[in-house]
Protein chains: 4
Amino acid sequence: MKLWGGRFAPGAGGQAQRFTASIGFDRRLYQEDIAGSQAHARMLAAQGIITPVEAGSIIDALDEIGQEIGSGQFTFALEDEDIHMNVERRLLEKLGSVGGKLHTARSRNDQVALDMHMFVRNGAAEVVRRITALQSALVDRATVYQDAVMPGCTHLQAAQPVLLAHHLLAYFHMLERDRGRFLECRARANLSPLGACALAGTSFPIAPELVAKELGFDGVYANSIDAVSDRDFVIEFISAAALVMVHLSRLAEELVLWSSQPWAWVELSDAYSTGSSIMPQKKNPDTAELIRGKTGRVVGHLMAMLMVMKGLPLAYNSDMQEDKEGLFDAVDTVNGCLETMAGIVGSLAFNRERALAAAAKGHTTATELADYLVRQGVPFREAHAVVGRLVRLALSRGVELDGLSLADLQGASSCFGPEALQLLDPVAATGAKTSPGGTAPANVARALAVARRVLSER
Amino acid sequence: MKLWGGRFAPGAGGQAQRFTASIGFDRRLYQEDIAGSQAHARMLAAQGIITPVEAGSIIDALDEIGQEIGSGQFTFALEDEDIHMNVERRLLEKLGSVGGKLHTARSRNDQVALDMHMFVRNGAAEVVRRITALQSALVDRATVYQDAVMPGCTHLQAAQPVLLAHHLLAYFHMLERDRGRFLECRARANLSPLGACALAGTSFPIAPELVAKELGFDGVYANSIDAVSDRDFVIEFISAAALVMVHLSRLAEELVLWSSQPWAWVELSDAYSTGSSIMPQKKNPDTAELIRGKTGRVVGHLMAMLMVMKGLPLAYNSDMQEDKEGLFDAVDTVNGCLETMAGIVGSLAFNRERALAAAAKGHTTATELADYLVRQGVPFREAHAVVGRLVRLALSRGVELDGLSLADLQGASSCFGPEALQLLDPVAATGAKTSPGGTAPANVARALAVARRVLSER
Amino acid sequence: MKLWGGRFAPGAGGQAQRFTASIGFDRRLYQEDIAGSQAHARMLAAQGIITPVEAGSIIDALDEIGQEIGSGQFTFALEDEDIHMNVERRLLEKLGSVGGKLHTARSRNDQVALDMHMFVRNGAAEVVRRITALQSALVDRATVYQDAVMPGCTHLQAAQPVLLAHHLLAYFHMLERDRGRFLECRARANLSPLGACALAGTSFPIAPELVAKELGFDGVYANSIDAVSDRDFVIEFISAAALVMVHLSRLAEELVLWSSQPWAWVELSDAYSTGSSIMPQKKNPDTAELIRGKTGRVVGHLMAMLMVMKGLPLAYNSDMQEDKEGLFDAVDTVNGCLETMAGIVGSLAFNRERALAAAAKGHTTATELADYLVRQGVPFREAHAVVGRLVRLALSRGVELDGLSLADLQGASSCFGPEALQLLDPVAATGAKTSPGGTAPANVARALAVARRVLSER
Amino acid sequence: MKLWGGRFAPGAGGQAQRFTASIGFDRRLYQEDIAGSQAHARMLAAQGIITPVEAGSIIDALDEIGQEIGSGQFTFALEDEDIHMNVERRLLEKLGSVGGKLHTARSRNDQVALDMHMFVRNGAAEVVRRITALQSALVDRATVYQDAVMPGCTHLQAAQPVLLAHHLLAYFHMLERDRGRFLECRARANLSPLGACALAGTSFPIAPELVAKELGFDGVYANSIDAVSDRDFVIEFISAAALVMVHLSRLAEELVLWSSQPWAWVELSDAYSTGSSIMPQKKNPDTAELIRGKTGRVVGHLMAMLMVMKGLPLAYNSDMQEDKEGLFDAVDTVNGCLETMAGIVGSLAFNRERALAAAAKGHTTATELADYLVRQGVPFREAHAVVGRLVRLALSRGVELDGLSLADLQGASSCFGPEALQLLDPVAATGAKTSPGGTAPANVARALAVARRVLSER
């Protein structure tokens, strides 16, 4: 008999049991559910709604149930639908009618919302920790290769020489924004919905703030209907997760590119690579590709959850049961990808020579020449045109800009002096970018120091 | 040692094993994988690449492996990564080096593509069957309530009276389009990629068409690179799945609305309803809500898969490993929702009296009056304005249009005769809609007969 | 001749001009672009890179160009591609070679990022204002109907009586969270990327913090590659926009439901309704439906932008040009929907009588009976079962719970006393929900006072 | 006064006019709308519902209105909401009350559905034409470079040498599937909804099949409610559009990669490239990047439309007004991208020497060695391991496989004979892949011939 079955003929919900039961996945919330129930029981006793003895026996029995589940000895029943009813059924088995007092002044609507809040809160905290670990790996690697020069690209075309460390620090800053989003998501999610009951509150003299305090919440929902209707915190978490995945996908793409034969600036360690079942020579950047690919599923979960909530009337609707699997998978995916990427980055081997050689290709110091002319008084737009013609000249000869002579330069503009030739070295070019945030080594050294301090203070 | 590990130091892929292994979910393809391998072995023998004896022992051993997996006795190893390598490893255990001959002229790239094609093909066929079952339930229900009248709505405002059967048949036709899409998806997916090997084909004298024929394919891919790069068939399946879910969500929404207290035209059977943990009176249309909600996850999978494939260079990339979980879940979700909806519809109780009473509310026969005037020679646009003023009059008196007198009508237009008053009955109004495709009972009876014939001929 | 054309033969970019030009939509950024250029010119002069006289003439000419565009007199040229080049071309026409000095130490990469940051910042501020306006409309309406009782629903089934004001305040709180997200998005977006130039910074002695300060930014990007690669702020804005749209869609759905004939608790004002071209009686909640529908486009823009950025190598790529139209439309859509919803809510007429009558249907006070039994010492789970049986009894007689006699109640449980019958009044039931956040009138009055104070302090 | 305003007080819909009016974008349907109205008028006359003279004057006036719109002389009024009402208003101005007869037996619900069907049908036909044009460009380019060899990649790692022509033909086949989807979409969309009127059909003796035939439809909707509720055809079109965009994005990604400095196998023509505002040397594959980026917006439109339709009760709802802008943009985007990609491909310069040199890197012929061993009787799995060790040896010496001696090979396996060394040439390796669908030149030549015949027969 269903615990809610009084009003129904026997067999209610039967046909569709397999379809509607959530116990297959919401059992993951068992720790949250039990902690929440224990806090609720304690509050009921504190408020005189049940006796301290009743509360004590409920709390102890819930401890036992938690251990049964944790050790794999608990038998979940499909007909009890979800983790809440499975736990309550077991409580009734253990305590008899006293167990039936736990659900006083509570509904599954606020109970599941409570569990989900705790889960999101913990999930966000774990993501924040793993972001820091990846940031550390980036900073360490940037430190190891602090002097390495590579061609910075725009449109995947060689643009200007930059320090590898500068490039890696760009990801440090992206992740810093991600961290901010998860912290804010966590803060906004850290309110307890318990006490909203079905949707309207209750006539029992409950104290929701006691439950909230015991469970580490910053406060309680101000409005009971909002408390049980709200899944913003799930969507906000997955939104933040989607964005960090986009960041990881960009880094992954670069690692795939950079470890391809034409580039060959980096090599993933064997531990993060796989081979081919048919081609004996293959060493594939499998982990990076998979991280890139997993961006899709997190964005898919975001789409799913926005679509689930769209147009739902208040308060709880069964559609909202769909909030769990996507969230669980998003938490696992983001954490797994962050952990794996930290491992990839931490064991990355960078080929300084090939990168520097590449930085000297593609006329990457053309902007230096233009800027030189500007310092000689030529308006930038004219300087750009002059150097553009020099590039055409070099292309027609099949040489790089440093294959041109001073006479060639002066043929394009009389403003060129011999010191202009020295600007064509990629290492010199990076050294010149001393503007705030620019790639000059001194800037990058300072940025690394700041990053290290930030990380060490966490 | 990895089966692909010759080129690597020991421990390759180790760190990331848990992250990259797909055996946790691709084991679902074991039957397809084994059938594909057996067909491949048979072809290798037919072409003289291996001996008939070798092929025979491979095929027998694969049968055994299939039984081991089917009976739960097979031990999957994470370090063997995927279903392909797990099976091959077991084959090697059973046969020694002869087992090592199976992967001749084959790569996991074409192997997994083969498995996925078979899975999609079968999945589409199952969806097609379940669509028919739901269509049958709709037609049956429409037949039972063939004379029931309800207010057809636009903008969820009462618009014109229609037959419930006509309304249910609208879903029959939506599903008929879905069926067409799945059949076409199946037809387009029914090509065998095996023989493409890594991406370039092979120098062995294979006969891919033999494999294709044995496995029930209509042909083979014309281009080996396309064969291993293509996941169109996965995306096309999920696209069709998303659309059928949208249809189900519309029906689900209507069932939720119609079973709410203000409407109360339908009641879901207890078997498809659930109760509340707190509110003893509740009977919730849980299954319909959940179907509506599950639309999100299928659309999410579509988003995910489009995002995974976007911008991927040819040929196989590890990102494509992400094609499986979403597809599997889409197949399960669509089939589960179709089955559940067929059960809901098949056991639906419709309240004729409440629906007919509702059809008489909201001035739903106003168009009849306007059309009457047109038949008296009044241009439609003027007739519309005249009747609009009559509606205002009725509203101001707090009555329906049939609460107006002939004098009221004639006050608005002298063209009204006493027969106009007879147009205000909702049953008469449905009877008048005799245009092709319209809701007149004779039309609907014909449409039901056609639908029954179509279904019976499947 | 293209302003960047020095290196190319004539005609570069020609064929694809219509395809690649963004001037058709990025002209919307002209004010941001001109303000940014003026700040840049002022900084160049402050740093001695150009002369004060040059800066002055550039700034004045940019003022003129701004006026030309504002007054519709400016001729945009497709061949100048975008707003930046169109403005610079005009500057060159006005000032000759001095105009060519503006682009010193700047690239379109950091320039467009600057414009977009300013746009997002302003867009977020406008959304925040409109959220407040809608919140005010909700609070006003809740105040007007402070005593109105309606059936709160879960699963769209009548659950428990609640105050309409309590229900409307749930939206107040949702919007409060939206507001927080937009404020945080704005704060995170309020960094200036100018000075990053192409991607590496520059060798000119620029002072990016001067530009930032003049334009009202809180600071500058710490890393030049990040500065030009980052579109997080666009995605974060659209994410927040998607969520506020989901909230609006829920309210819109409820308005559509509540104004349907079976409910008929609310009526939208004529100003926010439309009629039918064929059915003279129709009054459609067109605006609410359209708000609900427009949720799709904003979520679509979010998906688009996440997909655009996925897997993009650093730094700027032309794909990122796709950041504009979706953002512009998201800003317009959210603001338009917030404004329209504020208008709808502000002019909403609520039918107290019909709502109260509905609240008495559906056995909505069943929980009160169960809670009564708990107060008599019956464990809640047993009390739930007792009342469930009473609901079955009432259903079998075709009456509501208040159609049962005391004897009926006592037949189910001897714990019922005569005072139990008084619990069945919906108004009394709302009054009893005095728990924090519950729907009791005193709670709601306090919540309204808090909301009014919060709004008045903005 | 609104044409539907009879029932309302003056000013209905006023406040929200700007928000709800669709005339800003649905004017694009004016040709479809006028053609549909003319066919409707002709049918009304044929059925005796209006007189031939009335029909004639209506048809002539609609011709004039079409010319007014086409020449830009028509003044669209926001207060007339949409293209349908703008045209009808003008018709009334021209013809007086006779104009008011056109809307007999018609609603905007079926009228707009008719327009949209015609638009999708035409849009699909145009896409099909442009797909053929891109396929032709691919086949032409493959023919020009029929002998060019490049390293086929998996995981972006050099895998096996393939013919460029073979690689380009993979796209030919992807596009062939796209073509099939659009043709089927067109076929399924080619039913006329006119005659459904508001949702229930009509009491006028209309002949919807006459309208359908005149407008080139294959038939009429069988169910009037379905006819006005259905937007499957829009979603199916955008689904097919999303998939062709994914294909284009993959080709675009490859063009971006291949034109980057490390690869430098292809160079886009100047006509499809752009420069940089700051870096004079840059030549960016702008058009390819933009095509890749535009994949996002089409997928975004798909998500938007699925979300709009999810959970909508039958029949027409204003949400469905959102079907237009996304569809229009999808049509324009897909056609623009197909056209641009055809131009890019048609003018692509491929560097045979660099590609061939790359094909010799990365041990791309390792599989040949393994297959050689298989032919000597070594089981493939063992052969794979032997060659894997040879690759390790080569890597340790910093050479390619062809840098190993026969003695080296024989040190790994005594089965190697001197002819094994000849397998290491990439051109020879492509020649050996003679399996059906493989990359051997003879295969590719046949495939090209088939492709040319297929294209020539269209």
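Only a predicted model underlies this, so the values are computations on that prediction, with no experimental measurement involved.

**Topic: the relation of the copies chain C and chain D**
Expressed as a screw operation, the relation of chain C to chain D combines 0.0 Å of axial shift with a rotation of 180°, fitting to an RMSD of 0.0 Å. As the rotation angle and translation indicate, the two copies are arranged about a two-fold axis. If distances are taken from each C-alpha of chain C to the rotation axis, the shortest is found for Gly-300 of chain C, at 2.0 Å. A high fraction, 100%, of the interface residues of chain C reappear at the interface in chain D, so the copies pair face to face through one surface.

**A few points about the pairing of strand 1 (residues 149–154) of chain A**
Among the six residues that make up strand 1 of chain A, six are buried, leaving the element largely enclosed by the rest of the structure. Counting the residues in the hairpin turn of strand 1 of chain A and strand 2 (residues 157–163) of chain A gives two residues, including His-155 of chain A, whose phi is positive at 55°.

**Thoughts on unusual backbone geometry**
Ala-315 of chain A follows Leu-314 of chain A through a cis peptide bond whose omega is -5°. Looking at the element boundaries, Ala-315 of chain A is found in the loop between helix 11 (286–309) and helix 12 (323–346). For Glu-81 of chain B, which is not a glycine, the phi torsion comes out positive at approximately 70°. Mapped onto the elements of the fold, Glu-81 of chain B is located in the loop between helix 4 (52–70) and helix 5 (83–95). One non-glycine residue, Ala-105 of chain B, adopts positive backbone phi at about 60°.

**What about helix 15 (residues 380–397) of chain A?**
The end-to-end C-alpha distance of helix 15 of chain A, which contains 18 residues, comes to 26 Å, matching closely the 26 Å that a straight helix rising 1.5 Å per residue would cover. Residues of helix 15 of chain A that are buried sit in contact with helix 14 (366–375) and helix 16 (406–412) of chain A together with helix 5 (83–95) of chain C.

**Some details on the interface of chain C and chain D**
Listed as interface residues are 63 residues of chain C and, on the opposing side, 63 residues of chain D. Between chain C and chain D, the buried area comes to about 5,100 Å², and carbon and sulfur atoms account for 60% of it. Summed over the three residues of chain C that lose the most area to chain D, namely Phe-19, Ser-277 and Leu-290 of chain C, the buried surface amounts to 13% of that side. The tally of links between chain C and chain D comes to eight salt bridges. A salt bridge links Lys-294 of chain D to Glu-322 of chain C; its shortest N-O distance comes to 2.9 Å. Across the chain C-chain D interface, the total number found is 21 residue pairs in polar contact (both at pLDDT 80 or more). Those elements that place two or more of their residues in the side of chain C that touches chain D are helix 1 (17–20), helix 11 (286–309) and helix 12 (323–346) of chain C. Among the elements that line the side of chain C that touches chain D, the one with the most residues is helix 11 of chain C, at 17 residues. The residue inventory of the side of chain C that touches chain D, partitioned by class, reads 23 nonpolar, 23 polar and 17 charged.

**A look at the interface of chain D and chain B**
With 109 residues of chain D in contact, the opposing surface of chain B contributes 109 residues. Counting the surface chain D buries against chain B, the share from its top three residues, Arg-250, Leu-314 and Arg-381 of chain D, is 9%. At the junction of chain D with chain B, the criterion picks out 14 salt bridges. In this structure, Glu-236 of chain B and Arg-181 of chain D form a salt bridge, with 2.6 Å as the shortest nitrogen-oxygen distance. Taken together, the connections running from chain D to chain B amount to 50 residue pairs in polar contact (both at pLDDT 80 or more). The dominant element in the side of chain D that touches chain B, judged by the number of residues it contributes, is helix 10 (residues 232–258) of chain D, at 13 residues. Counted by class, the side of chain D that touches chain B contains 48 nonpolar, 36 polar and 25 charged residues.

**Some remarks on the packing of aromatic side chains**
For the structure on display, the rule yields 34 aromatic pairs over all chains. Considering the side-chain rings of Tyr-372 of chain A and Phe-416 of chain A, the 5.8 Å spacing of their centres and the 5° angle between planes classify their relative orientation as stacked. Highlighted residues: Tyr-372 of chain A in helix 14 and Phe-416 of chain A in the loop between helix 16 and helix 17 (426–432), separated in sequence by 44 residues. Each member of the pair, Tyr-372 of chain A as well as Phe-416 of chain A, carries the same accessibility label: buried. One aromatic cluster in this structure is built from Trp-258, Trp-263 and Trp-265 of chain A together with Trp-258, Trp-263 and Trp-265 of chain D.

**Points about the relation of the copies chain D and chain B**
When chain D is fitted to chain B, the best match, at an RMSD of 0.0 Å, comes from turning it 180° and sliding it 0.0 Å along the axis. When the interface residues of chain D are mapped onto chain B, 100% of them again lie at the interface, so the same face is used by both copies.

**Regarding the packing of helix 10 (residues 232–258) of chain A against helix 12 of chain A**
The description of two helices packed together rests on the angle between their axes and the distance between the axes. All names here are of chain A. Running from N to C, helix 10 and helix 12 cross one another at 30°; their axes reach a closest spacing of 10 Å. Classified by the angle their axes make, helix 10 and helix 12 are roughly parallel. Relative to helix 12, helix 10 is oriented so that their crossing is left-handed. Every residue of helix 12 that contacts helix 10 at Val-234, Phe-237, Ile-238, Ala-241, Val-244, Met-245, Leu-248, Leu-251, Ala-252 and Leu-255 is listed here: Asp-323, Gly-326, Leu-327, Ala-330, Val-331, Thr-333, Val-334, Cys-337, Leu-338, Met-341, Ile-344 and Val-345. Looking at the contact of helix 10 with helix 12 residue by residue, the classes come out as 19 nonpolar, two polar and one charged.

**Topic: the domain arrangement of chain A**
As a measure of interface size, the accessible area lost when the parts come together is often cited. Split into domains, chain A comes out as domain 1 (17–104), domain 2 (109–207 + 217–357) and domain 3 (363–456). In this structure, domain 1 of chain A and domain 3 of chain A have C-alpha centres spaced 69 Å apart.

**So, the nonpolar core**
Considering soluble globular proteins, one finds that nonpolar side chains tend to be buried as a cluster. Phe-237 of chain A, Phe-237 of chain B, Phe-237 of chain C together with Phe-237 of chain D are the most contacted members of the largest nonpolar core, which totals 652 residues. Discounting residues that sit within four places of it in the chain, Phe-237 of chain C has contacts with Val-120, Gly-123, Ala-124, Val-127, Phe-182, Cys-185, Leu-327 and Val-331 of chain C.

**Concerning the state of the cysteines**
Within the structure shown, the criterion is met by zero disulfides over all chains. Considering cysteine sulfurs only, Cys-185 of chain D is the nearest to Cys-185 of chain B, which forms no disulfide, with 15 Å between them. Its relative accessible area of 1% is what places Cys-185 of chain B among the buried residues. Looking at the unpaired Cys-337 of chain D, the closest cysteine sulfur is the one in Cys-185 of chain D, lying at 18 Å.

Scoring rules and cut-offs
- Residues numbered from 1 in each chain as written.
- Chains lettered and ligands numbered in written order.
- Predicted model: local features only at pLDDT ≥ 70, side-chain atom pairs only at ≥ 80, totals over all residues.
- Heavy atoms only, no water.
- Least-squares fit on C-alpha atoms with pLDDT ≥ 70 in both.
- Contact = heavy atoms within 4.5 Å.
- Buried < 20%, exposed > 50% of the residue type's maximum accessible area, 1.4 Å probe, protein only.
- Helix = DSSP H or I, 4+ residues; strand = E, 2+ residues; numbered from the N terminus.
- Pairing = 2+ DSSP bridges.
- Expected span 1.5 Å × (residues − 1).
- Buried area = accessible area lost by both parts, 1.4 Å probe.
- Salt bridge = Lys/Arg side-chain N within 4 Å of Asp/Glu carboxyl O.
- Polar contact = N/O pair within 3.5 Å; in protein donor to acceptor, adjacent residues only side chain to side chain.
- Nonpolar A, V, L, I, M, F, W, Y, C, P; charged D, E, K, R; others polar.
- Phe/Tyr/Trp six-rings, centres within 6.5 Å; stacked < 30°, edge-to-face > 60°.
- Axes fitted to C-alpha atoms, helices over the stretch in contact; angles between N-to-C directions.
- Parallel < 35°, antiparallel > 145°, perpendicular 65-115°, else oblique.
- Left-handed = near helix turned anticlockwise from the far one by under 90°.
- Domains from an automatic or database assignment.
- Core = buried A, V, L, I, M, F, W, Y, C linked by side-chain atoms within 4.5 Å.
- Disulfide = S-S within 2.5 Å.

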